[in-house]
Amino acid sequence: ACSSDMADPHSVSSSSDVRMAHLLAGLATGQGFSASRLPGVKFMRSTAYVPPTPITYEPSIVVIAQGRKAGRLGERTFHYDANHYLVLAAPLPFECETFGTPDDPMLGLSVAVNPTLVGELLEQMRSSPADDGSDPQAIESAPLDDVLRSVAVRLLECLRSPDDARILGAQIVRELVYR
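Residue positions within a chain follow its written sequence, with the count starting from 1. Two thresholds apply to this predicted model, a pLDDT of at least 70 for residue-level local features and 80 or more for giving and counting side-chain atom pairs, whereas whole-chain, interface and lining totals are computed over all residues. Side-chain measures here rest on the full set of heavy atoms in the structure, leaving out hydrogens and waters.

Chemist: Sorry if this is basic, but what is going on with the packing of aromatic side chains here?
Modeler: The rule is short: rings of Phe, Tyr and Trp, with Trp giving its six-membered ring, pair when the centres are within 6.5 Å, and they are stacked under 30 degrees, edge-to-face over 60, tilted in between. Enumeration over the complete set of coordinates arrives at 3 aromatic pairs. Considering the side-chain rings of F33 and Y57, the 6.0 Å spacing of their centres and the 85 degrees angle between planes classify their relative orientation as edge-to-face. One end of the pair, F33, is in strand β1 (residues 32–35); the other, Y57, is in strand β3 (residues 50–57), with 24 residues separating them in the sequence. For F33, a relative accessible area of 41% corresponds to the partly exposed category. In this structure Y57 comes out as buried when scored by relative accessible area, which is 4%. A centroid spacing of 5.4 Å and a plane angle of 50 degrees characterise the contact between Y49 and F99, whose relative ring orientation is tilted. Linking Y49 in the loop between β2 (41–46) and β3 with F99 in strand β8 (residues 92–99), this pair joins segments that are 50 residues apart in sequence. Buried means the residue's accessible area, taken with a 1.4 Å probe over protein chains only, is under 20% of the maximum for its type, while exposed means over 50%, and partly exposed covers the values in between. Taking relative accessible area as the criterion, Y49 reaches 42% and is therefore assigned partly exposed. Under the DSSP-based scheme used, a helix requires at least four consecutive residues in state H or I and a strand at least two consecutive residues in state E, with every element numbered from the N terminus.

Okay, here's the thing in structure tokens:
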């Protein structure tokens, strides 16, 4: 078995990237955020560059399939794109810049993080977050690995069908938060 630590972070499964962008192109309507069939799950689309603008995101996981965004909080900048996702642990006002064009729109998925669900997952894991000596961060971007990308694609596929969304959606969201 191959270790994900050994994988080249830039050798992303292009078929998953293309599939995620294709699914979002069909699901994300209008500009900005649009609702999905599941509460707490939103689609994102921007066909234009949006200069740095104050915004507040609720606790969420944001996965970008195409285009990119940059968030700024004080001196820190968080890039999220097809290779990096954003995690917000608490409601947080920050400045956000969006990079999209009509030919290459920014397409993304935002999944609300429910503190109760996080607590349930931690209880089932019978552990608490590792204390690595650093202070917990309310916002962070992290590399998007193939496992999380695959879960995001499955969630998007499920959201195309009312029955699939109703029957499978919450479990796939749970898996995405777990991952």
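Chemist: Looking at this model, I keep getting lost on the packing of helix α3 (residues 146–158) against helix α4 (residues 162–178). Mind explaining?
Modeler: Across the interface, α3 lies against α4 with an axial gap of 9 Å and an inter-helix angle of 160 degrees. Taken as axis vectors, α3 and α4 run roughly antiparallel relative to one another. Like other packed secondary-structure pairs, α3 and α4 cross with a definite hand, here left-handed. Residues L148, V151, A152, R154, L155 and C158 of α3 form the contact with α4, whose own contacting residues are D164, A165, L168, G169, I172, V173, E175 and L176. Residues belonging to the contact of α3 with α4 are distributed by class as follows: 10 nonpolar, 1 polar and 3 charged. Note on geometry: axes are lines fitted to C-alpha atoms, helical ones only across the stretch in contact, with angles between N-to-C directions running from 0 to 180 degrees. Angle categories: roughly parallel below 35 degrees, roughly antiparallel above 145, roughly perpendicular from 65 to 115, and oblique for all the rest. Handedness of a crossing follows from how the near helix is turned relative to the far one, being left-handed for an anticlockwise turn of less than a right angle and right-handed for a clockwise one. Pairs of residues are marked as contacts when any of their non-hydrogen atoms sit within 4.5 Å. Think of it as three bins: nonpolar holds Ala, Val, Leu, Ile, Met, Phe, Trp, Tyr, Cys and Pro, charged holds Asp, Glu, Lys and Arg, and polar takes everything else, Gly as well.

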